[in-house]
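Chains, contacts and geometry: an overview
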Amino acid sequence: MDIGFDKISPTPQYPNGINAHQLSVYDWSSQAGVVLQFKTAIKKDLRDAQLGRCCYCRRLLFDDIATHIEHFVEKAQYPRFTFEIQNLALSCGTCNTQKNGSNKSLAALLKKRAERQGNVLMPRCPTLAQELAPNSPLPSSPQSYRWVHPHLDKYSDNIQINKGWVFVGKTLKGSRTIRGVNLNALAQIERRALFERLATRGGKLSMFVGVMAELERHRAKEVAAVVAKLLWRRRNSPPQ
Ligand SMILES: [Zn+2]
């Protein structure tokens, strides 16, 4: 399937008149002019570099509200990388929610384990191969990361997307990313969306045109099953 972009390359530059040093005194949620200006500019540049696709699932991004600026290395754990452009990428709302969910489960698991063993809780960032020493810079080698890095790793070397939005890990990194973002949950979401798209097509010719367009991303068997379900439904509940 067409993944759009393999990696973000080159990494976009700081927008004109803004530098990392200026931003370093602010939180991500700050309403300061320079922060808002940075976010707007970087969202546009990343969208261009990512050809309008999500950094994890490679589906097309929708409007700005449904598009998230993702911190690949958690900003809560490493606030010093909050405004590092190489740590930022755009994701869709679904992947953002899934990633946050899996981070929370990991944190809860570690907390429980630490309590059981009477240890001090050591936070763990799932995307990093190992935790970083205080004040060390953002790692720039792919080996420093456990997940497929949007700027450093080629997606197609690590993950294959089959028709019907089935994600297959080609490497350990690829498999970890698929699990961490729960990418295979998308198949069901996309099947439902396929059903809804085809349901809007009234006549048989219109449905045929719709089916042809869907065959690029969905397996023929899947599309046929959806069409059969729609036709059955129409026969049993004729329009009022
Ligand atoms: Zn996504």
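No experiment lies behind these values; they were computed from the predicted model shown.

How each quantity is defined
- The residue count restarts for each chain, going from 1 along the sequence in the order it is written.
- Residue-level local features of this predicted model are given only where pLDDT is at least 70; pairs of side-chain atoms are given and counted only at 80 or more, and the full residue set underlies all totals for whole chains, interfaces and linings.
- To get the side-chain values, take all heavy atoms of the structure and skip hydrogens and water.
- Lines are fitted to the C-alpha atoms to define the axes, a helix being fitted only along its stretch in contact, and any angle between axes, read from their N-to-C directions, falls within 0 to 180 degrees.
- Note on conventions: DSSP H or I runs of at least 4 residues are helices, E runs of at least 2 residues are strands, and numbering of each starts at the N terminus.
- Here is the rule for angles: anything less than 35 degrees is roughly parallel, anything more than 145 is roughly antiparallel, 65 through 115 is roughly perpendicular, and the remaining ranges are oblique.
- By definition, any crossing whose near helix is turned counterclockwise from its far helix by less than a right angle is left-handed, and any crossing with a clockwise turn is right-handed.
- When checking whether two residues touch, look at their non-hydrogen atoms; a contact exists if any pair is within 4.5 Å.
- Any residue with an atom within 4 Å of a point lines the site, the site being either a cavity, points on a 1 Å grid over the protein atoms alone where a 1.4 Å probe fits but cannot get out, or a pocket, an open set with protein on both sides within 12 Å along at least 5 of 7 lines.
- Grid points are joined across faces, edges and corners, and a volume is the space filled by probe spheres set on the points.
- Amino acids outside the nonpolar list (Ala, Val, Leu, Ile, Met, Phe, Trp, Tyr, Cys, Pro) and the charged list (Asp, Glu, Lys, Arg) are all regarded as polar, and Gly is one of them.
- The domain limits used here are those given by an automatic or database domain assignment.
- For each residue, the accessible area found with a 1.4 Å probe, counting protein chains only, is set against the maximum for its type, and the residue is called buried under 20%, exposed over 50%, and partly exposed in between.
- Only centres within 6.5 Å qualify two rings of Phe, Tyr or Trp (six-membered ring in Trp) as a pair; their planes then separate them into stacked at under 30 degrees, edge-to-face at over 60, and tilted for everything else.

Time to look at the packing of helix α6 (residues 186–199) against helix α8 (residues 220–236). Viewed as axis vectors pointing N to C, α6 and α8 meet at an angle of 50 degrees, and their least axial separation amounts to 10 Å. For the element pair α6 / α8, the angle class is oblique. When the axes of α6 and α8 are compared, the crossing they make is right-handed. For the pair α6 and α8, contact is made by Arg191, Leu194, Phe195, Leu198 and Ala199 and by Glu222, Val223, Val226, Val227, Lys229, Leu230, Arg233 and Arg234, respectively.

When its volume is computed, the largest pocket comes out at roughly 440 Å³. Taken together, 18 residues make up the lining of the largest pocket; nearest its centre are Arg59, Leu60, Phe62, Glu190 and Arg197. Elements with a minimum of two residues in the lining of the largest pocket: α3 (93–117), α6 and α7 (204–214). For the lining of the largest pocket, the residue count by class is seven nonpolar, four polar and seven charged. Both of domain 1 (20–153) and domain 2 (187–236) provide at least three residues apiece to the lining of the largest pocket. Forming the boundary of the second largest pocket are 13 residues, of which Glu74, Gln77, Asn103, Ala107 and Arg124 lie nearest the centre. Considering only residue class, the lining of the second largest pocket consists of seven nonpolar, three polar and three charged.

On to helix α5 (residues 172–180). When α5 is considered as a whole, its buried residues turn out to be Lys173, Gly174, Arg176, Thr177, Ile178 and Gly180. Against α3, α4 (155–158), β3 (159–162) and β4 (166–169) lie the buried residues of α5.

A word on the packing of aromatic side chains. Within the structure shown, the criterion is met by seven aromatic pairs. Seen in terms of ring centroids, Phe38 and Phe83 are 5.6 Å apart; in terms of plane orientation they differ by 75 degrees. Their pairing is edge-to-face. Taken together, the residues Phe38 in helix α2 (residues 33–49) and Phe83 in the loop between β1 (67–71) and β2 (88–92) connect sequence positions 45 residues apart. Across the pair, exposure class does not vary: Phe38 and Phe83 are buried alike.

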